[in-house]
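Coordinates in review
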Amino acid sequence: MANSIPEVSKRRRLSQNDNDNHNHNQLQQQPLLPGLPDHIAQACLSLVDPTTLYSVCRSWRRVIYTRSFPPFLSLYALLSCSSSNSIQFYNFDPVSSKWGALPSMPPDPPLRLFLRHPAFISRNLPIQSVSASGNLILLAATTHNFSPALPRPLNFDLSTSSWHFGPPLATPRRWCAAGTLRGAVYVASGIGSHFSVNVARSVERWDLSKKNNSTSPNGSEYLGWEWEWERVSSLRDGRFSRDAIDAVGWRGKLCMVNVKGDALKDGVVYDAEKDTWQDMPEGMIAGWTGPVAAMDEDVMYVVDEAKGALRRYDPGRDAWHQILESESLKGADQIAAGGGRVCAVCRGRIVVVDVAAPRPRVWDVETPSGLEAVAIHILPRMCQLV
Amino acid sequence: MSRVFKLKSSDNETFEVEEAAALLSETIKSSSSTEITVPNVKAEILGKVVEWCNKHAESEDTKDQLIKEWDAEFVSVDQHVLFKLITAADYLQIKELVDQLTQRVGDMIKAKTLKTVEMTYPTFNVEREVQEELKSLGF
């Protein structure tokens with residue numbers, strides 16, 4: 001897997017280290033707000049938005065990345081090199097407008113997953129990732145001989161900036177419906193190395209909050225054994241094994257369809273409290289014509305991949321309400337919603353829509369040169385340890 | 001008969017404060033004595049803090065519009081006084097006063113940084129060395 005750090009962030013890291021070492025003592029002594037003890041200054045600065053603080057001075061810029069400052073939301077993207085099979089997670093910091101690579105995934109066991117296979121010229125093999133409880137999780141992918149690449153999920157814990165292995169799946173899948181609901185990751189249906197009705201109907205859940213928070217002092221790898229996958233109610237049949245699907249957590253329910261894009265499809269909704277599966281409301285399926293995500297698991301958005309239209313679901317009317325239409329949203333493959341923004345991966349590009357503004361606006365976020373987007377997630381920014 | 005607390009400023013002035021007002025301070029609440037010396041806080045500032053406590057002790061409903069207006073006026077002081085007030089309120093652990101003053105400082109930062117797009121110096125009084133360093137960084 002290619003692990004070269006792009007020029008931009010490497011340069012940034014080097015110069016920051018130099019200056020930080022030189023000025024470290026000086027900065028330590030300089031108060032954030034002369035005349036106030038630092039802990040009070042921190043409290044005052046916490047009330048100001050990070051973009052403003054970023055441009056004032058170095059010490060204020062540092063503050064926004066410390067644990068005591070309310071974390072702002074940041075973009076995390078799975079990027080791939082246009083010509084190869086290597087993938088890596090990157091972070092786009094909206095305050096500094098800079099890309100930075102996340103630490104590389106553990107080299108052992110080696111992750112051999114395939115994005116582009118010679119047998120599939122026009123289609124990429126799916127690589128499925130989800131985000132939950134401040135973790136970025138790589139769940140499912142395919143190897144060169146079409147078997148599941150991930151017997152255990154790989155997850156990146158943002159609070160410690162480190163990779164860990166999740167609990168092993170009873171049946172590793174190479175595509176499935178995957179999603180998050182209330183801090184638990186769900187994996188439904190899909191296929192392992194070959195199709196099996198049992199797997200196609202099975203649904204497993206991994207509750208991240210059930211972990212015992214006792215890491216060793218040097219923060220080394222969790223064993224992950226307190227985490228486990230538990231079976232929940234199965235699907236009625238194996239119809240959901242046709243495509244790699246993003247299941248959407250929304251108001252206590254996990255919603256998913258069985259075919260991506262615009263085609264005719266089936267939809268089901270899992271009620272987490274009752275542990276039951278129901279048919280998806282007709283209006284919801286009818287408008288599920290592209291990737292879907294729910295902001296704060298409360299407001300559901302879809303991007304119609306053919307028309308490039310962003311719509312919001314109105315549960316009262318069981319209908320989708322159009323927000324805007326844009327050329328750049330056509331071909332949307334996956335979306336994430338958070339902090340008043342809906343971010344979409346469209347044919348390798350990243351497009352952002354500000355849905356909180358009175359007049360929603362659309363813009364592109366350029367990926368680092370030579371890299372294209374495979375998936376994106378919105379999560380709190382990482383702390384920069386100085 | 002409620003107790004009377006005596007707060008002594010760093011320049012040796014004493015303020016008598018009724019129990020209800022005094023107990024707004026967590027520091028006083030957890031003190032074993034009714035005579036408390038407040039280090040590093042001069043009479044001018046301590047007097048204002050006492051004034052705030054008295055006002056808030058006497059009005060039952062803190063969401064009252066009148067008291068909100070009074071509070072807004074109270075925090076509209078110059079930055080120098082504001083910083084001293086917040087340091088004193090922090091020492092005395094008067095949460096609501098600290099919150100109000102913090103909010104005021106936050107608002108002032110926001111207002112000042114919005115006014116200038118390119119800032120040569122940060123808004124609050126900064127030591128000469130810091131100014132030089134920032135200039136060299138292009139701020």
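From a predicted model like this one, the values you see are computed outputs, not experimental measurements.

1. Comments concerning the overall build of chain B
Each helix and strand counted, chain B has seven helices and three strands in total. In chain B, which comprises 139 residues, the share counted as buried stands at 41%. For chain B, long-range pairs separated by at least 24 residues make up 58% of all intrachain contacts whose partners lie at least 6 apart in sequence. Surface accessibility of chain B: about 8300 Å² in total, with carbon and sulfur atoms responsible for 48%.

2. Looking at the overall build of chain A
The secondary structure content of chain A amounts to six helices and 24 strands. Looking at chain A alone, contacts between residues at least 24 apart form 53% of all its contacts between residues at least 6 apart. Approximately 17600 Å² of chain A is accessible, and the part contributed by carbon and sulfur atoms is 50%.

3. Quick notes on the nonpolar core
Counting residues in hydrophobic clusters, the biggest one holds 54 residues, and the most contacted among them are Leu-33, Trp-60 and Ile-64 of chain A together with Val-49, Leu-85, Leu-97 and Leu-101 of chain B. Ranked by size, the runner-up nonpolar core spans 31 residues in total, among them Ala-177, Ala-188, Val-269 and Met-280 of chain A.

4. Examining the sheet that holds strand E24 (residues 371-380) of chain A
Residue and element names in this part refer to chain A. The strand order E3-E2-E1-E24 describes an open sheet built from four strands, whose pairing is antiparallel. Of all the strands in the sheet, just strand E3 (98-101) and E24 have a single pairing partner and so form its edges. Along the sheet, successive strands turn relative to each other by an average axial angle of 30 degrees, direction set aside.

5. What to know about the sheet that holds strand E4 (residues 128-132) of chain A
All names here are of chain A. Pairing in this open sheet of four strands is antiparallel, and the strands run E4-E5-E6-E7 from one edge to the other. Because the sheet does not close on itself, it has two edges, and the strands there are E4 and strand E7 (162-165). On average, each strand axis in the sheet is tilted by 25 degrees relative to the strand beside it, whichever way the strands run. Relative to strand E5 (residues 135-140), E4 runs antiparallel, the two being bridged by five bridges. Within the sheet, the bridge partner assigned to Ser-131 lies in E5 and is Leu-136.

6. Notes on the packing of aromatic side chains
Enumeration according to the criterion identifies twelve aromatic pairs over all chains in this entry. Their ring planes at 70 degrees and their centres at 5.8 Å tell us that Tyr-65 of chain A and Phe-72 of chain A sit as a pair that is edge-to-face. As far as the burial class goes, Tyr-65 of chain A and Phe-72 of chain A line up, both buried. Ring centres of Trp-70 of chain B and Phe-74 of chain B lie 5.3 Å apart, and the angle between their planes is 20 degrees; this geometry places the pair in the stacked category. Of the two residues, Trp-70 of chain B and Phe-74 of chain B are both situated in helix H4 (residues 65-75); the distance of four residues between them amounts to about one turn of the helix. Taken together through their ring pairs, the aromatic side chains of Phe-89, Phe-156 and Trp-163 of chain A make up a single cluster. The lysine or arginine in question, Arg-381 of chain A, covers the ring of Phe-72 of chain A, its NZ or CZ lying 5.8 Å from the ring centre. Lys-48 of chain B extends its terminal NZ or CZ atom over the ring of Phe-74 of chain B, reaching a point 4.9 Å from the ring centre.

7. Re the pattern of salt bridges
Opposite charge on two side chains permits pairing when their charged atoms draw close. Inspection of the entire model under this criterion finds 17 salt bridges over all chains. The network of salt bridges with common partners includes Asp-237, Arg-239 and Asp-266 of chain A.

8. Re the confidence of the model for chain A
Residues and elements named next belong to chain A. Predicted confidence across chain A gives a mean pLDDT of 83, with 84% of residues reaching 70 or more. Note that residues 1-21 has pLDDT below 50 and, in this model, 24 contacts with residues that lie over four places away or in other chains. Counting contacts from residues 216-221, a segment whose pLDDT is below 50, to residues more than four positions away or on other chains yields five contacts.

9. Structural notes on the environment of Gly-179 of chain A
All names here are of chain A. With respect to the helices, strands and loops of the structure, Gly-179 is situated in strand E8 (residues 175-181). By relative accessible area, Gly-179 is classed as buried at 2%. Considered as a pair, Gly-179 and Ser-147 are 32 residues apart in the sequence and their alpha carbons are 21 Å apart. In this structure Gly-179 touches Val-130, Ala-184, Val-185, Tyr-186, Ala-247 and Leu-254, once residues within four positions along its chain are discounted.

10. Describing the side chain of Lys-265 of chain A
Residues and elements named next belong to chain A. The residue Lys-265 is located in the loop between strand E13 (253-257) and strand E14 (267-271) in this model. Of the side chains with opposite charge, Asp-262 comes closest to the buried, unpaired Lys-265, at an N-O distance of 5.6 Å. A polar atom in the side chain of Lys-265 sits 2.8 Å from the backbone oxygen of Gly-261. Within the structure, Lys-265 has its side chain in polar contact with the backbone oxygen of Ala-263 (distance 2.9 Å).

11. Quick notes on helix H3 (residues 43-58) of chain B
Side chains that are three or four residues apart share a direction in an α-helix, a result of its 3.6 residues per turn. Across its 16 residues, H3 of chain B extends 22 Å between first and last C-alpha, which sits within 8% of the 22 Å expected from 1.5 Å per residue. Those residues of H3 of chain B that sit buried are Ala-43, Ile-45, Leu-46, Gly-47, Val-49, Val-50, Trp-52, Cys-53 and His-56 of chain B.

12. A word on the environment of Leu-125 of chain A
Residues and elements named next belong to chain A. Inspection of the secondary structure puts Leu-125 in the loop between E3 and E4. Judged by relative accessible area, which is 4%, Leu-125 ranks as buried. Spatially, the C-alpha atoms of Leu-125 and Arg-174 are 9.4 Å apart, while their sequence positions differ by 49 residues.

13. What about the pairing of strand E12 (residues 245-250) of chain A?
Residue and element names in this part refer to chain A. Counting buried positions along E12 yields five of six residues, so the element is predominantly enclosed. Across three bridges, E8 lies against E12 in parallel orientation. Across the sheet, Ala-178 pairs through a bridge with Asp-246, a residue of E12. With three bridges joining them, E12 and E13 adopt antiparallel strand pairing.

Reading guide: rules and limits
Residues numbered from 1 in each chain as written. Chains lettered and ligands numbered in written order. Predicted model: local features only at pLDDT ≥ 70, side-chain atom pairs only at ≥ 80, totals over all residues. Heavy atoms only, no water. Helix = DSSP H or I, 4+ residues; strand = E, 2+ residues; numbered from the N terminus. Buried < 20%, exposed > 50% of the residue type's maximum accessible area, 1.4 Å probe, protein only. Contact = heavy atoms within 4.5 Å. Areas by Shrake-Rupley, 256 points an atom, 1.4 Å probe, with all protein chains shown as cover. Core = buried A, V, L, I, M, F, W, Y, C linked by side-chain atoms within 4.5 Å. Pairing = 2+ DSSP bridges. Axes fitted to C-alpha atoms, helices over the stretch in contact; angles between N-to-C directions. Phe/Tyr/Trp six-rings, centres within 6.5 Å; stacked < 30°, edge-to-face > 60°. Lys NZ or Arg CZ within 6 Å of the ring centre and 35° of its normal. Salt bridge = Lys/Arg side-chain N within 4 Å of Asp/Glu carboxyl O. pLDDT = per-residue confidence, 0-100. Lys, Arg positive; Asp, Glu negative; His and termini not counted. Polar contact = N/O pair within 3.5 Å; in protein donor to acceptor, adjacent residues only side chain to side chain. Expected span 1.5 Å × (residues − 1).

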